[in-house]
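# Working through the structure, step by step
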Amino acid sequence: MRLQGTMRVNDKNHLEIGGCDTVDLAREFGTPLYVMDEAMFRQNCRAYYRAFTEAYGAEVIYASKTLTNLAVCTIVEQEGLGLDVVSGGELYTAARARFPMERVYFHGNNKSPEELRMALEYKVGRIVVDNRYELEMLNAVAGELGVKAKIMLRLSPGVEAHTHEYIKTGQIDSKFGLAIENGMAMTGVKRALELPNVQLKGFHCHIGSQIFELQSYAHAAEVMMTFVNHVYQETGYTAEELNMGGGLGIYYYQGDQPRPVKEYADVMMGAIRAIAAEFDLPVPKVIVEPGRSIAGPAGITLYTVGAIKDIPGIRKYVAVDGGMGDNPRPALYQSKYEACVANRMNEQPAEKVSIAGKCCESGDMLIWDIELPPLQPGDILAVSSTGAYNYSMSMNYNRLPRPAMVLVNNGRADLIVRREDYADLIRNDIIPERLRSTVVKLASSR
Ligand SMILES: *Cc1c(COP(=O)(O)O)cnc(C)c1O
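Along each chain, residue indices are assigned from 1 in the same order as the chain's sequence is written. Totals for whole chains, interfaces and linings use all residues, but because this is a predicted model, local features are given only for residues with pLDDT of at least 70 and pairs of side-chain atoms are given and counted only at 80 or more. Derived side-chain values reflect all non-hydrogen atoms in the structure, with water molecules and hydrogen atoms excluded from consideration.

Moving on to the overall build of the protein chain. Secondary structure elements are taken from DSSP: a helix is a run of H or I of four residues or more, a strand is a run of E of two residues or more, and numbering for both begins at the N terminus. The helix and strand inventory of the protein chain stands at 13 helices and 23 strands. Taken over the C-alpha trace, the protein chain has a radius of gyration of 24 Å; the compact-globule value for 446 residues is 22 Å, and the two agree within 12%. Across its three principal axes, the protein chain shows a C-alpha extent of roughly 70 × 65 × 40 Å. Buried means the residue's accessible area, taken with a 1.4 Å probe over protein chains only, is under 20% of the maximum for its type, while exposed means over 50%, and partly exposed covers the values in between. When each of the 446 residues of the protein chain is scored for burial, the buried share is 53%. We call two residues contacting when some pair of their heavy atoms lies within 4.5 Å. For the protein chain, contacts bridging at least 24 residues in sequence account for 69% of all contacts bridging at least 6. Accessible surface for the protein chain amounts to roughly 19900 Å². Of this, 50% is attributable to carbon and sulfur atoms. As used throughout, the charge tally considers Lys and Arg to be positive and Asp and Glu to be negative, leaving His and the chain termini uncounted. We put the charge of a Lys on NZ, of an Arg on CZ, of an Asp on CG and of a Glu on CD. Taken as two groups, the 47 positive and 54 negative side-chain charges of the protein chain have centres that lie 4 Å from each other. When we talk radius of gyration, it's over C-alpha atoms, and the globule rule is simply 2.2 Å times the number of residues to the 0.38. Throughout, the Shrake-Rupley method with a 1.4 Å probe supplies accessible areas, and for residues the shown protein chains are the sole cover considered.

Here's what the structure looks like:
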């Protein structure tokens, strides 16, 4: 496993992160345990702030869906970033963390009228409108509240970026945004300019996630700026703002080669400026929305090894006390992760094993085929790069309580998400009165 951020091996040959011994963390807080490296999380925020805000006056907004809770919102606020939320729940979390609402962008492809009302009442900075239905609904809700909603329109630029390449798909088959290609975007813009209760500030796109090929951003910038120009030609409207989404890739597994944030900023901003000059347009205010590349590498998950099953000549399964409930990504996307034995960091890999979760699903495998030192029940396994899309995607399948999260820094470990207990699992359950009487009747009729 590659050691990232503040991770190191201490003199007990244990994995250390944020100055805390992971074996002690496992003992004190239990496992599975999400551990967040505060210094690295902040450092990642700062890299964006420097490369985009200081260098180009661009705004950086952290994508909440990656990982959010009250402590994380607080750190993001302290680092001067804004926040992208995609639901009433994420918005509520930001509000309860006292996040400045003018720095909040509200996304989503199916916002409810209640969510739109909530966003307007909270006075979020921008609502990123996904489609025509939402545009009309927002105009009506804003009218009822007597406010003018500041909006961006989400567009689908027909550029699809994957890890190592991008495809100019001319893709119009997406649940997100209005396609430029088939004219839906232009019609949407014209409608937005007509509506009395919305104020169009600019356009948004998001071309994918876990992207290493920076040219895909330059290409998306070209498509978006060409559209900005087209709109100007047709309507006289000049977009003031351009939100280019997130998606920068991180290191999960050998072979992943993440690009520095500065390079990403230079390539994208360079492209936007060049095209603006070409069309003789003002350079719009640019917004970027990184998520994974801020939270991902800053998190690890600790597990305790339990049952080990060696099927001779076939495979050795090593089961841990978590799995798809706390990290659904391998099951959802066949994502690959690295791991190490946190309590015996000095030992060399000696055998190939597969790490299984504890859910009743054959697909609940965290890692297939990894070389590790010989494992024993009770060992602490650390999986790296779990800061993004793990806790935020966690679930209670099999009624497993969700893990705790600790924030570590300079030898301190603070609980920022409490571990769920069994009582949490039945907190919302209700037995209707008539079932109680049925139970009595059935019992008495036997
Ligand atoms: C998911 C998402 C992001 C963040 O993407 P990362 O790959 O985590 O950087 C940003 N903007 C939008 C609209 C998204 O849907």
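With that out of the way, let us pick up the sheet that holds strand E2 (residues 15–17). By this definition, two strands are paired if DSSP reports at least two bridges between them. One open sheet holds the three strands; their spatial order is E1-E2-E3, and the pairing between them is antiparallel. Both outer strands of the open sheet, strand E1 (8–9) and strand E3 (20–21), are each paired with one neighbouring strand and no more. By the bridge criterion, two bridges tie E1 to E2 in an arrangement that is antiparallel. Looking at the pairing, valine 9 lines up with leucine 15 of E2.

So, about the site of the ligand. Nearness of a residue to a molecule or strand requires only that one of the residue's heavy atoms be within 4 Å of it. Lining the immediate environment of the ligand, one finds 16 residues, of which Lys65, Ser209, Glu289, Arg292 and Tyr389 sit closest. Polar contacts here mean pairs of N or O atoms no more than 3.5 Å apart (in protein, one a potential hydrogen donor and the other a potential acceptor; neighbouring residues in sequence count only if both atoms are side-chain atoms). Between glutamate 289 and the ligand, the recorded distance is 2.7 Å, taken from a side-chain N or O atom to a nitrogen atom. Contacts to the ligand include glycine 291, whose backbone N or O atom sits 3.0 Å from an oxygen atom. Bound to the protein, the ligand loses 93% of the 390 Å² it would expose on its own. Points on a 1 Å grid over protein atoms alone make up a cavity when a 1.4 Å probe fits among them but cannot get out, and a pocket when they form an open set with protein on both sides within 12 Å along at least five of seven lines; lining residues each have an atom within 4 Å of a point. Molecule-in-pocket calls rest on the fraction of atoms, with more than half required to lie within 2 Å of the cavity or pocket grid points. Most atoms of the ligand, that is more than half of them, are within 2 Å of grid points of the largest pocket. Side-chain classes are defined by residue name, with Ala, Val, Leu, Ile, Met, Phe, Trp, Tyr, Cys and Pro counting as nonpolar, Asp, Glu, Lys and Arg as charged, and the others, Gly among them, as polar. Among the residues making up the shell around the ligand, the classes are represented as three nonpolar, eight polar and five charged.

Below, the discussion takes up the domain arrangement of the protein chain. In this entry, domain limits derive from an automatic or database-based domain assignment. Taken domain by domain, the protein chain consists of domain 1 (8–37 + 296–424) and domain 2 (38–295). On a C-alpha basis, the centres of domain 1 and domain 2 stand 33 Å from each other. Between domain 1 and domain 2, the contact holds 22 residues from the first and 22 residues from the second. Using a 1.4 Å probe, buried area is obtained as the accessible area two parts lose upon being combined, added over both of them. The contact between domain 1 and domain 2 buries some 2000 Å² in all, and 56% of this surface belongs to carbon and sulfur atoms. By the criterion of area lost to domain 2, the three top residues of domain 1 are Pro297, Glu338 and Tyr389, representing 28% of everything that side buries.

Once that is clear, we can look at the pattern of salt bridges. Just to be clear on terms, a salt bridge is a Lys or Arg side-chain nitrogen sitting within 4 Å of an Asp or Glu carboxyl oxygen. Here the structure, examined in full by the defined rule, presents 27 salt bridges. Among the salt bridges present, the one from lysine 111 reaches glutamate 134, with a minimum N-O distance of 2.7 Å. In this pair, lysine 111 sits in the loop between strand E7 (104–106) and helix H5 (113–122) while glutamate 134 sits in helix H6 (residues 132–145), placing the two residues 23 residues apart along the sequence. Neither residue differs from the other here; lysine 111 and glutamate 134 are each classed as buried. The partner of aspartate 414 in a salt bridge is arginine 412, with the nearest N and O atoms 2.8 Å apart.

On to unusual backbone geometry, then. For the bond running from threonine 31 to proline 32, omega is -10 degrees, close enough to zero to count as cis. Summarising the element assignment, proline 32 is placed in the loop between helix H1 (22–29) and strand E4 (33–37). For arginine 399, which is not glycine, the phi dihedral falls at a positive 55 degrees. Among the secondary structure elements, arginine 399 is positioned in the loop between strand E21 (380–383) and strand E22 (404–409). Relative accessible area serves as the criterion here: at 43%, arginine 399 is assigned to the partly exposed category.

With that settled, the discussion passes to the packing of H6 against helix H7 (residues 184–194). Lines fitted to the C-alpha atoms define the axes, with helices restricted to the stretch that makes contact. Angles between their N-to-C directions range from 0 to 180 degrees. The geometry of H6 relative to H7 is characterised by a closest axis approach of 11 Å and an angle of 5 degrees between their N-to-C directions. By the criterion of interaxial angle, the relationship of H6 to H7 is roughly parallel. Of the residues in H7, those touching H6 at Arg132, Leu135 and Glu136 are Thr187, Gly188, Arg191 and Ala192. Split into classes, the residues belonging to the contact of H6 with H7 amount to two nonpolar, two polar and three charged. Angle categories: roughly parallel below 35 degrees, roughly antiparallel above 145, roughly perpendicular from 65 to 115, and oblique for all the rest.

Here threonine 6 is to be found in the segment before E1. For threonine 6, a relative accessible area of 29% puts it in the partly exposed group. Along the chain, threonine 6 and proline 290 lie 284 residues apart, while their C-alpha atoms are 21 Å from each other. Threonine 6 has contacts with Glu16, Ile17, Gly18, Asp37 and Ala39, leaving out every residue within four places of it along the chain. Within polar-contact distance, the side chain of threonine 6 engages the side chain of aspartate 37 at 2.8 Å.

A few words on the UniProt feature "active site" (unreviewed entry) in the protein chain. UniProt positions are given in the numbering used here, feature names are shortened, and annotations may be inferred rather than shown by experiment. UniProt's feature table lists "active site" (unreviewed entry) at Cys360, given in the numbering used throughout. Assignment of secondary structure puts cysteine 360 in the loop between strand E19 (351–356) and strand E20 (365–372). Assessed through its relative accessible area of 64%, cysteine 360 is described here as exposed. Apart from residues lying up to four places away in sequence, cysteine 360 is in contact with Tyr397 and Asn398.

Joining through side-chain atoms within 4.5 Å is the link that ties buried Ala, Val, Leu, Ile, Met, Phe, Trp, Tyr and Cys residues into a set, and such a set is a nonpolar core. By size, the foremost hydrophobic cluster in this structure holds 90 residues, and its most contacted members are Phe41, Phe52, Tyr62, Ile127, Ile151, Phe203 and Met244. Among the elements that take part in this core, helix H8 (residues 215–235) stands out by supplying 10 residues, more than any other. Viewed by domain, this core spans two of them, domain 1 (8–37 + 296–424) and domain 2 (38–295), each represented by three or more residues.

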